[in-house]
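# Descriptive structure summary
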Amino acid sequence: MQYKHPVKYNLMSAKSFEMLLELAFDTDKPAVYEEGATSVYQQFERAYKEAQKKGGKPSEELNFRFERLRLGVAIAFVKAFVRLADNEKSKEVLDVLQEAIKAKNAREIDKIIQKQIAKFDNLYHEIFVNEQRDYLLGMFERTLDAASKEELDELIFQGLELLPEVDWDAKNHDEDDIEPLDEDFLKNL
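Residues numbered from 1 in each chain as written. Predicted model: local features only at pLDDT ≥ 70, side-chain atom pairs only at ≥ 80, totals over all residues. Heavy atoms only, no water.

## Focus: the overall build of the chain
Assigned secondary structure in the chain consists of nine helices and zero strands. Within the chain, counting contacts between residues at least 6 apart in sequence, those at least 24 apart form 70% of the total. With the model as given, the accessible surface of the chain reaches about 11,400 Å², and the carbon-plus-sulfur share is 48%. (Helix = DSSP H or I, 4+ residues; strand = E, 2+ residues; numbered from the N terminus. Contact = heavy atoms within 4.5 Å. Areas by Shrake-Rupley, 256 points an atom, 1.4 Å probe, with all protein chains shown as cover.)

Right under this line is the structure:
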């Protein structure tokens, strides 16, 4: 992936990650990490640089730091989705992600997620009601598929562009905007 402003991404990534969480949670102090989002990003960068010095071979430490960062980006998009959707099933997914972030290693993170993987299917319950929810879920999916620092940085910056544009009151207008389903369409299902 090629970036338009690679210097900007390198200098602001930790602060940008912190800002993404603040926007998603609509607070200056989102309770995602005990040590703070900036620290989590910096820990990842240190592990990343150490791996680069050793020929680029990923270590257990780098894998763990990457997973914690990726979980934080995923939490930001799911929290924004929850704010728009405001349904209990989506909140359960957020709870699973927040539980996984407390894990002590990458294997423990995988174990927590895999144990409750069925809850993630519930995220897709209401996506067709609101285009912004659909887009947020797409960002969440791309976060789960991200396999590099560059991909996570790109998602963080896209989130920073997206979240200020979200109509947070849309959940209050959805029911008025829903058109009744065509009965002929329903019969053909």
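Text resumes after the structure shown.
## With respect to the packing of aromatic side chains
One pass over the structure, following the stated rule, counts six aromatic pairs. Ring geometry for F17 versus Y41: centroids 6.3 Å apart, planes at 45°, classification tilted. One end of the pair, F17, is in helix α1 (residues 6-25); the other, Y41, is in helix α2 (residues 37-53), and 24 residues separate them in sequence. Classification of F17 as buried rests on a relative accessible area of 0%. Measuring from ring centre to ring centre gives 6.2 Å for F120 and F140, while their planes differ by 10°; the resulting arrangement is stacked. With F120 in the loop between α5 (106-115) and α6 (131-145) and F140 in helix α6, this pair connects stretches of sequence that are 20 residues apart. Each of the two residues, F120 as well as F140, counts as buried. One aromatic cluster is present, built from ring pairs that chain together F17, Y33, Y41, F44, Y48 and F66. The ring of W168 is capped by R83, whose NZ or CZ atom sits 3.6 Å from the centre of that ring. (Phe/Tyr/Trp six-rings, centres within 6.5 Å; stacked < 30°, edge-to-face > 60°. Buried < 20%, exposed > 50% of the residue type's maximum accessible area, 1.4 Å probe, protein only. Lys NZ or Arg CZ within 6 Å of the ring centre and 35° of its normal.)

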